[in-house]
Amino acid sequence: MSPAFRHGAQIRREFLDFFAERGHAVVPAASLVPDDATLMFTNAGMVPFKNVFTGVEKRPYSRAASCQKCLRVSGKHNDLEEVGRTPRHHTLFEMLGNFSFGDYFKEEAIDMAWALVVGHWGVDPGKLWVSVHHSDDEAYDLWTRKIGMPAARVIRLGDKDNFWSMGDTGPCGPCTEIHVDLGDSMGPAHPEGPGGGGNRYMEIWNNVFMQFVRHPDGSMDPLPRPSVDTGMGLERIASVLQGVTSNYDSDLLRQLMADGAEIGSVAMGRDEATDTALRVLADHSRACAFLVADGIIPTNEGRGYVLRRIARRAIRFGVRLGLGKTPFFHRLTDRVVEHFGGAYPELVQRRGFIDHVLRTEEERFAETRDKGLALLDEEMGKGGRILPGDLAFRLHDTFGFPLDLTRLIAAERGVGVDEAGFDRLMEAQREAGRAAWKGSGAEGTDAAYAAMAGEGLQVAFEGYTSLHAEGAVVALLHEGQRVPSLPAGARGQLVTDRTPFYGESGGQVGDTGLVTAPGLRLSVTDTQKPADGLVVHHVTVEQGSVAVGDLVRLEVAGAARADTRRNHSATHLLHAALRRVLGDHVMQKGSLVEPRRLRFDFSHFQAVSPAELAEIEDLVNGWILENVAVDHRIMDLDQARAEGAMAMFGEKYGARVRVIRMGAHSMELCGGTHVERTGDIGLFSVTAEGGVSSGVRRIEATTGRGALAAMRGLRQAAEAAADRLHVKPTELTGAVEKLQGEVKALRKELEDARRADALAGVDGLLATARDVGGIKVLAARTEGGPELLREQADKLRDSLGSGVVVLGTAAEGKVSLLVAVSKDLAGSRVHAGKLVGALAAMVGGKGGGRPDFAQAGGTQPEHLDAALAAACDRVAAG
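Source: prediction; values computed, not measured.

Asks: When you look at the overall build of the protein chain in this model, what are you seeing that I'm missing?
Replies: Summing up its helical and strand segments, the protein chain has 25 helices and 35 strands in all. Across its three principal directions, the C-alpha atoms of the protein chain cover 115 × 80 × 50 Å. Counting only residues that meet the buried cut, the protein chain has 50% of its 878 residues in that class. Of all intrachain contacts in the protein chain linking residues separated by at least 6 positions in sequence, the fraction that spans at least 24 positions is 68%. By element, 50% of the accessible surface of the protein chain is carried by carbon and sulfur atoms, the whole surface being about 38700 Å².

Here it is as structure tokens:
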């Protein structure tokens, strides 16, 4: 039997509904930017749940389902060059998954997989194969005895194919995979099915059974609460349910190929080269749109460089279709928004931003693309079989050609690339990139925090409603190790069962303050939140000693907290004002909220004008004056997003979130501390605006006491300046303009006087002219600077009538030379450009010009007199 045709969007919805009906929480897709420093991108459905599987994070559900956007184009998954050439390689793909966190295990997972694939979707069981780990008798028996799969189509495979681990140590276990036989058109049958390799048998669903924990010595023990992690590529199951053998022929990508054909005015199926290009455009446009929607912009390092590589590879394939004379790629990524925006609302929310970023990237590449291609053509025209590494590096560094793009173009001509040479030249930049991904170096401390989280240690945060609390000391650390006590004078970390101290997160710095008890005093210099629910106080023991089990009083520094609250609430209003004034492409890219100031980074491609800054400042202060209540609510993440709450860039959220609403102006997900009413902010003042990186701007500002201090400082500076000019502060602008005018006039008078003196002084040089073979040559050092050389030379040449004038001047370690030749001699007997070039070489420089007039510069003023003395000999020599 053949399954009924289902569109990709329907399959996605049916998968999530199927598991929701079976008690699974449906979790929205996480960002492609993972909360995991070991990964560049979210590359599997389990990545957002990694801390749940390891026990570091607790969630209010024990089973979940998701459709996770994933990107595999870096590290061991770097198959970029295969994308478009094979039926199943992609950069971005959607992974359907169901997960059990110590809830159900093998039997229920296998039952549900079979019920969905065969029972609900109607896939012919006769076309299905199953693989299990060779040691997993339990899974084998479930498939053969309970499900009824023929033993001949349940194959046992080794660790390489059917055993999964999170790393060298930690959770691991066997997996079972469901495969589909695609038929004779994809190759000959094999008695071992997918065990025999080839493209005929396609894996569609992998069920990983995390039942062991692996130790450093390689030994494994059973996990107390085994879990399940499954993954099914949406593109693969869509091709099965739609009766096609290539993912690109499913409606998920076929429509984007058709869009590319329409934009390029080409016919699908015309030839393999055309279809390859259309497949690349379909895949890459989808990846780029999703990446930009998650806040990634093209750069020359890290995630931004991956985006640039994908975009420029797509543009190159578009050029091969005849596109590229005008920007086209952003038109295709806009079709991605149309097709996928229903399932991924962030695409619709960032539609204008996606368009702007990718159109700008294409325009920038166009500025250098043709020159780079010409350089490649020139080199490959020499007939060599290997493109030099230094040329590949130059194409990368100067013309913006990623190495894989250079490799692609060279391969089209049957030419290889000296990648070793390229790598040598890139080593410094590679090292800088690697350094950016290194950890904090505090391995011992990090391990201690992970152990605490694994023990289920949770700290009750009471700082939203109080600045002080009574708590018990539950852990102490010194130099990364847990200790029973800290003596007087020691520095370390303290954890209590409850605290009013806010741990640094969401851009807000940690609180400072005091921890006290009779005979005990600790200063809290910082507060961190290394894991969900774990608040760590960095302390110095000033008096007494503290031990685990002590009862202590914790008190936050109230003035600093109040200033921080004002600044944090102001960042929310600033974000809203930026989007109101500049457009909804503005996304938060980072922030810093501390007592004395706030800093807010956001996506925008040009400087914010003074008029725009004034409008933003006015909006924020207007909302402050409205004095609306700041509402704090806890709600489901899905509900918050449905109501329009904005999420902070790079922040991780659980199923239940805290929403901060400020009237009708701002609604954001935020765990930070805030004022009670907007009027509590007092005053908002922008102190600086500038660029951080390509496409990212930064605004710095102050509020409340900080803004008052800044304004007082400005007023005092204005009063001091006005006092010096003997005017009122309100008259300062006019006084300064008047003073500038007077200074300008005086400078002009002085310059005119210097020019007149310099020109008058050259008359005395006429007597130094020498006759060299019938040619009058005047070579002399002059004063007055290089800007007067031409006027002096013109005057001397006119006075000579016929002859050669060579003048030189030196100032601030630099030399200026000028040669002027009368028209009757220029070119025929003396060439000014050649003469000045020869003299410039003597002063460490170079230059040239016309036969009658030429200039040069140098860096060795100590040799100027010798160069001038050599002028007559040079003229005599011709």
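Asks: Any chance you could explain the environment of Cys67 here in plain terms?
Replies: Within the element layout of this structure, Cys67 appears in strand β2 (residues 63-71). Sequence separation between Cys67 and Val836 is 769 residues; the distance between their C-alpha atoms is 72 Å. Leave out the neighbours within four places in its chain, and Cys67 touches Arg12, Leu16, Ala29, Glu94, Met95, Leu96 and Tyr344.

Asks: Please explain the sheet that holds strand β26 (residues 656-662) as it appears in this structure.
Replies: Note on sheets: strands pair through backbone hydrogen bonds, and any given pair is parallel or antiparallel. An order of β25-β26-β27 is seen for the three strands of this open sheet, with the pairing classed as antiparallel. Across the chains shown, the open sheet's two edge strands, defined by having one partner strand only, are β25 (630-636) and β27 (666-669). Direction aside, neighbouring strands of the sheet carry axes that sit 25° apart on average. Relative to β26, β25 runs antiparallel, the two being bridged by seven bridges. Across the sheet, residue Asp636 finds its bridge partner in β26, namely Arg656. Its contacts with the sheet place helix α17 (residues 558-582) against β26 and β27, and it is angled at close to 115° to β27.

Asks: It is not clear to me how the nonpolar core should be interpreted in this structure. Could you clarify?
Replies: Looking at soluble globular proteins, one finds that nonpolar side chains tend to be buried together. Membership of the largest hydrophobic core comes to 118 residues, with the highest contact counts inside it found for Trp143, Trp205 and Ile237. The leading source of residues in this core is helix α8 (residues 272-293), at 12 residues. What Trp143 contacts, discounting residues up to four positions off in sequence, is Ile110, Trp114, Val130, Val132, Gly148, Met149, Val154, Thr176 and Ile178. Listed in part, the 28 residues of the second largest apolar core include Val608, Met662, Val675 and Ile681.

Asks: In this structure, what is going on with helix α3 (residues 106-120)? I would like to understand it.
Replies: Two residues of an α-helix separated by three or four positions point the same way, owing to the 3.6 residues in each turn. The terminal C-alpha atoms of α3, which comprises 15 residues, lie 20 Å apart, in line with the 21 Å expected from a rise of 1.5 Å per residue. Within the span of α3, buried status applies to Lys106, Ala109, Ile110, Met112, Ala113, Trp114, Leu116, Val117 and Val118. At the exit of α3 stands Gly122, carrying a positive phi of roughly 75°.

Asks: Just to check I follow, could you spell out unusual backbone geometry for this structure?
Replies: In terms of backbone geometry, most residues other than glycine have negative phi values and most peptide bonds are trans. Even without being a glycine, Ser265 presents a positive backbone phi close to 55°. In this fold, Ser265 is placed in the loop between α7 (251-264) and α8. A residue is classified by how much of its surface remains accessible, and Ser265, at 67% relative accessible area, is exposed. In this structure, His726 takes a positive phi of about 60° despite not being glycine. Judged by its relative accessible area of 73%, His726 falls in the exposed class.

Scoring rules and cut-offs
- Residues numbered from 1 in each chain as written.
- Predicted model: local features only at pLDDT ≥ 70, side-chain atom pairs only at ≥ 80, totals over all residues.
- Heavy atoms only, no water.
- Helix = DSSP H or I, 4+ residues; strand = E, 2+ residues; numbered from the N terminus.
- Buried < 20%, exposed > 50% of the residue type's maximum accessible area, 1.4 Å probe, protein only.
- Contact = heavy atoms within 4.5 Å.
- Areas by Shrake-Rupley, 256 points an atom, 1.4 Å probe, with all protein chains shown as cover.
- Pairing = 2+ DSSP bridges.
- Axes fitted to C-alpha atoms, helices over the stretch in contact; angles between N-to-C directions.
- Core = buried A, V, L, I, M, F, W, Y, C linked by side-chain atoms within 4.5 Å.
- Expected span 1.5 Å × (residues − 1).

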